[in-house]
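# Chains, contacts and geometry: an overview
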Amino acid sequence: MNDKLKPDNANVAVIGAGYVGLVTGVCLAKLGHEVVLIDIDEDKIQAVNHKKAPPIYEEGLEELLGQVHIEASSDYRKMMGSDIIYICVGTLADDSGNIFSEHLIDATRKIAEVLKERDSYYVVAVKSTVGPGMTEELVIPILEASGKKAGSDFGVCMSPEFLREGQAIYDFMNPSRIIIGEYDKRSGDILCSIHESLNAPILRTNLRTAEMIKLATNAFLATKISFINEIGNICKQLGIDTYDVARGMGMDDRIGSKFLSAGIGFGGSCLPKDIRILVSGAKQAGYQPEFLEEISTLNEKQALKPVALLKKHITLKGATVGILGLAFKPGTDDIRDSRAIIIVQALLDEGASVSAYDPLAVDNFRKLFPGIDYVSTEEVLSCDAILILTEWPEFYDLDYRGKIVIDGRRIEKAREARIYEGVCW
Ligand code: UGA
């Protein structure tokens, strides 16, 4: 194989059809590459092959899926002819940041099994978020157990993704940068060539540095949020508007205005988990990352602020509390680590009943909380009090007059409520 692939016509295999793998596969197909998507989940495979709505909500994904040629399969042998094999399986971490790497290990073993029969060179590129050192210490040894040698028989890269859920297609096609951690120059050259048409700055580095860039990026985004929440908590005490403070700070281009929206904190499948992975990796390396631990602690405390504020205005025992928003952010049906989980549980523990509305995330939330009521926005508005937990656009137009509202996401219109409190303003 050439060390430079055609930027618009390479053979690519993507392992894992979650939001990262599916978006990566569909976008690479859109760029002209021959893509095979491999997953162990037959339902996902059928959905992709029948161009059906993917199980995850991602803006524009179903439409793009309908436009491109992409084959999905559970048969790893389909990647026999691939020049690049992206590993995009999900990684999970427990509360202490220990990574459950079963999917990664399983996928890598299957890749090794198939590729021991292959003679031509290819590159394995890890996109899954992994702990510091895992590509070298886990992925490469499994691949080499096939009898093939990294650097001569195959190449290895670690190329983290920076895809926001809900806007992942846009982010893939318009990357701020592409990070290529390379085992050696040949591996990196090949991975660079497939990204050429995206016209983004490329930073080439070693495998460990690329892993750390991913973790440090998410940790920094989380830091900005916990920082502005702390400033917000102080501002609320002092009667200062945090959002004006954030606006003023953000005008300094060393700080930047993004990720300074104070509220109930960060959720989702990435920020909370990646901080835990980084903390755990630091401890294993013999360093106590007190600052990073505090970011997570602050975030957990912040989620309970709306409940504490509500208790100033009503007795929770026996009250019916309406919830606007269950997804961890707007534009997705994902509730992983959503602040709504912590808040709904706290309300139930206090003896309140909960009536909730979300435009996309009800089905997922119902699996966790089958006993609460899932209702329309009108019904939420007729509850004893209302908590706003996700800034869905439709919440900007509701009629809050006469209500008691605790706002976790700064919905300006809700200020018309009879009693209105923002968590940090
Ligand atoms: C995050 C990163 O933004 C992506 O760059 C990264 O690729 C992705 O994780 C990942 O590692 O795969 P995502 O989890 O989709 O993306 O969510 P974000 O848009 O970052 O929002 C995370 C949380 O922070 C949400 O709960 C949101 O409500 C909260 N947030 C965000 C705030 O509370 N304030 C802000 O100013 C911004």
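As a reminder, the structure under discussion sits directly above these lines.
What you are looking at is a predicted structure, and each value in this text was computed from that prediction instead of being measured. (Residues numbered from 1 in each chain as written. Predicted model: local features only at pLDDT ≥ 70, side-chain atom pairs only at ≥ 80, totals over all residues. Heavy atoms only, no water.)

## Describing the site of the ligand
Let me state the cut-off plainly: We call a residue near a given molecule or strand whenever any one of its heavy atoms falls within 4 Å of it. Any pair of nitrogen or oxygen atoms within 3.5 Å is treated as a polar contact; in protein, a donor-acceptor pairing is required on top of that, and neighbouring residues in sequence qualify only through side-chain atoms on both sides. Using a 1.4 Å probe, the Shrake-Rupley method yields the accessible areas, and only the shown protein chains count as cover for residues. Here a helix means four or more residues in a row that DSSP labels H or I, a strand means two or more in a row labelled E, and each is numbered from the N terminus.
Lining the immediate environment of the ligand, one finds 22 residues, of which E161, E165, K214, N218 and F328 sit closest. For the ligand, an oxygen atom lies 2.8 Å from a polar atom in the backbone of L163. Residue G267 places a main-chain N or O atom 3.0 Å away from an oxygen atom belonging to the ligand. When the free accessible area of the ligand is taken as 720 Å², the share hidden by the protein chains comes to 92%. At the level of secondary structure, the elements contributing two or more residues to the shell around the ligand comprise α8 (207-238) and α10 (271-284). The element contributing the most residues to the shell around the ligand is α8, with four residues.

## Description of the sheet that holds strand β12 (residues 353-357)
Note the cut-off: One bridge is not enough; two strands pair if DSSP finds at least two bridges between them.
One open sheet accounts for six strands, arranged β13-β12-β11-β14-β15-β16; its pairing is parallel. The open sheet has two edge strands with one neighbour each: β13 (373-374) and β16 (419-422). As defined by bridge partners, strand β15 (residues 404-407) adjoins β16 across four bridges and the pair is classed as parallel. What sits directly across from I404, in β16, is I419.

## What about the side chain of S73?
We apply this condition: Buried residues are those whose accessible area, probed at 1.4 Å on protein chains only, stays under 20% of the maximum for their type, while exposed residues exceed 50% and partly exposed ones sit between those limits. Residue contacts follow a heavy-atom distance rule, with two residues in contact if any of their heavy atoms lie within 4.5 Å.
By secondary structure assignment, the location of S73 is in strand β3 (residues 70-73). Taking the relative accessible area as the measure of exposure, S73 reaches 9% and is therefore buried. Contact partners of S73, with chain neighbours within four places excluded, come to L37, I38, D39, I45 and K78.

## Focus on the packing of α10 against helix α11 (residues 290-303)
Stated precisely, the cut-off is as follows: With axes taken as lines fitted to C-alpha atoms, and helix axes fitted only over the stretch in contact, angles between N-to-C directions fall between 0 and 180 degrees. Our angle categories are set so that under 35 degrees counts as roughly parallel, over 145 as roughly antiparallel, 65 to 115 as roughly perpendicular, and the remainder as oblique. When the near helix sits turned anticlockwise from the far one by under a right angle, the crossing is termed left-handed; a clockwise turn instead gives a right-handed crossing.
Contact geometry for α10 and α11: axes closest at 10 Å, N-to-C directions at 150°. Looking at the two axes, α10 sits roughly antiparallel to α11. Relative to α11, the crossing made by α10 is left-handed. Residues I275, L278, V279 and K283 of α10 form the contact with α11, whose participating residues are L292, E293, I295 and S296.

## What to know about the sheet that holds β3
Taken together, eight strands build an open sheet; the order of strands is β3-β2-β1-β4-β7-β8-β9-β10 and the sheet is mixed. Pairing within the sheet leaves two strands with one partner each, and these edge strands are β3 and β10 (202-205). Between one strand axis and the next, the sheet turns by 25° as a mean value, whatever way the strands run. The sheet contacts of helix α1 (residues 19-30) involve β1 (11-15), β2 (34-38), β3 and β4 (84-87), and relative to β2 the element is tilted by about 165°. Against the sheet, helix α7 (residues 185-195) touches β1, β4, β7 (123-126), β8 (155-158), β9 (178-182) and β10, its axis set at about 160° to β9.

Read these as layout, nothing more, since geometry by itself doesn't imply function.
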